[in-house]
Amino acid sequence: MAGRNRSRRWGERPNRSENVTPGQVAAIRAALFSEKNRPMNLPCISIQSEDFDVSSELTALRAQDGRVGAVCCFVGTVRDRNEGDSISSMELEHYPGMTEKSIAEMVEQAHQRFAIHGVRVIHRVGVLQPLEQIVLVAVTSAHRGESFQACEFLMDYLKTHAPFWKKEQTPQGARWVDARVSDDAALARWGIAPAQGH
């Protein structure tokens, strides 16, 4: 189909030998989710099935941080149509540990590239219905330009490098969502090549 990269599919999982060990998963989660040990400028990442409240998340992200002069966020939702077909639901899968690690590396790159203070990334998994929220990326900084750029960079990176797999339910049956060539092109403007195998 035009505009698609047929060499890469969201539904194609990496080799099981590339998966992280249970011990690595525990270490990653401890580092990411330890509130009392996490400085203000470190990422807060959640992979979850439950919905999120955008207002609450933004309030928490900038709380008690007087450096913040700008907050930028992106919220992705489930569409009811794709490629001309109606969509009754979308199912998202991920590899626990591997996904969090990938996103943490992505956020670290954002901190290196932009003068930002805080980042919040939430990505839902499981079966979602049209109009439901899928993903939140929020960034704080002193000035709006850095937040806008960092938020866009993070979403471009998230779409191409984070190990998620999406399956849509259509009247013709279930289908995996192909990765778009335009997603790789968006990331390329930041000087980053597509992930290996993309």
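Analysis parameters
- Note on numbering: residues in each chain are counted from 1, in written sequence order.
- Residue-level local features of this predicted model are given only where pLDDT is at least 70; pairs of side-chain atoms are given and counted only at 80 or more, and the full residue set underlies all totals for whole chains, interfaces and linings.
- Note that the side-chain values use all heavy atoms of the structure and ignore hydrogens as well as water.
- Salt bridges are identified by distance alone: a Lys or Arg side-chain nitrogen within 4 Å of an Asp or Glu carboxyl oxygen.
- Burial status follows relative accessibility: with a 1.4 Å probe on protein chains alone, a residue under 20% of its type maximum counts as buried, one over 50% as exposed, and anything between as partly exposed.
- A run of H or I in DSSP becomes a helix once it reaches four residues, and a run of E becomes a strand once it reaches two; helices and strands are each numbered from the N terminus.
- Strand pairing is assigned whenever DSSP detects at least two bridges linking the two strands.
- The span expected for a helix works out to 1.5 Å for each residue beyond the first.
- Note on definitions: angles span 0 to 180 degrees between N-to-C directions of axes, and those axes are lines fitted to C-alpha atoms, for helices only across the stretch in contact.
- Nine residue types can take part in a nonpolar core, namely buried Ala, Val, Leu, Ile, Met, Phe, Trp, Tyr and Cys, and a core is a set of them joined through side-chain atoms within 4.5 Å.
- By definition, residues are in contact when any of their heavy atoms lie within 4.5 Å.

Focus on the pattern of salt bridges
At step 1: Applying the stated criterion to the full structure yields nine salt bridges.
At step 2: One salt bridge connects Arg67 with Asp65, and the closest N-O pair in it is separated by 2.8 Å.
At step 3: Given a relative accessible area of 39%, Arg67 falls into the partly exposed group.
At step 4: Accessibility expressed as a relative area gives 9% for Asp65, which makes it buried.
At step 5: The partner of Arg189 in a salt bridge is Glu152, with the nearest N and O atoms 2.9 Å apart. Taken together, the residues Arg189 in the segment after α5 (181-188) and Glu152 in helix α4 (residues 144-161) connect sequence positions 37 residues apart.
At step 6: Assessed through its relative accessible area of 48%, Arg189 is described here as partly exposed.

Concerning the pairing of strand β10 (residues 164-170)
At step 1: Extensive coverage of β10 is indicated by the burial of five of its seven residues.
At step 2: The sheet contact formed by strand β6 (residues 89-94) and β10 spans six bridges and is antiparallel. Looking across to β10, one finds that Glu91 is bridged to Lys167.
At step 3: As judged from the four bridges shared by β10 and strand β11 (residues 173-176), these two strands associate in the antiparallel manner. Across the sheet, the residue bridging to Glu168 is Arg175, located in β11.
At step 4: Connecting the antiparallel pair β10 and β11 is a turn made up of two residues.

Looking at the pairing of strand β9 (residues 133-141)
At step 1: Within β9, nine of the nine residues are buried, which leaves the element mostly enclosed by the surrounding structure.
At step 2: Where strand β3 (residues 70-77) and β9 come together, eight bridges link them in antiparallel fashion. Residue pairing for β9: Ala70 is matched across the bridge by Ser141.
At step 3: Of the strand pairs in this sheet, strand β7 (residues 116-124) and β9 are connected by seven bridges, and their pairing is antiparallel. When the bridges of β9 are listed, Val119 appears paired with Val139.

Notes on helix α3 (residues 98-113)
At step 1: Spanning 16 residues, α3 covers 23 Å between terminal C-alpha atoms, matching the ideal 22 Å at 1.5 Å per step.
At step 2: Inspection of α3 places Met98, Thr99, Glu100, Ser102, Ile103, Met106, Val107, Ala110 and His111 among the buried residues, and these make up the whole buried set.

As for the sheet that holds β11
At step 1: With respect to topology, four strands assemble into an open sheet ordered β8-β6-β10-β11, the strand pairing being antiparallel. In this open sheet, the two strands that pair with only one neighbour each are β8 (126-128) and β11. Each neighbouring strand pair of the sheet contributes to a mean axis angle of 25 degrees, computed without reference to strand direction.

Some thoughts on the side chain of Gln48
At step 1: Within the secondary structure, Gln48 sits in strand β2 (residues 44-48).
At step 2: Looking at Gln48, the relative accessible area reads 12%, which means it is buried.

Section: the nonpolar core
At step 1: Grouped together as the largest cluster of nonpolar side chains are 33 residues, with contacts concentrated most on Ile103, Phe153, Leu154 and Leu158.
At step 2: For this core, the elements supplying multiple residues, two or more each, are β2, β6, α3, β7, β9 and α4.
At step 3: Among the elements that make up this core, the one with the highest residue count is α4 (seven residues).
At step 4: Setting aside residues up to four positions removed in sequence, Phe153 forms contacts with Met106, Gln109, Ala110, Arg113, Phe114, Trp190 and Ile192.
At step 5: Core analysis: the second largest hydrophobic core is formed by seven residues, Phe52, Leu61, Ile122 and Leu136 among them.

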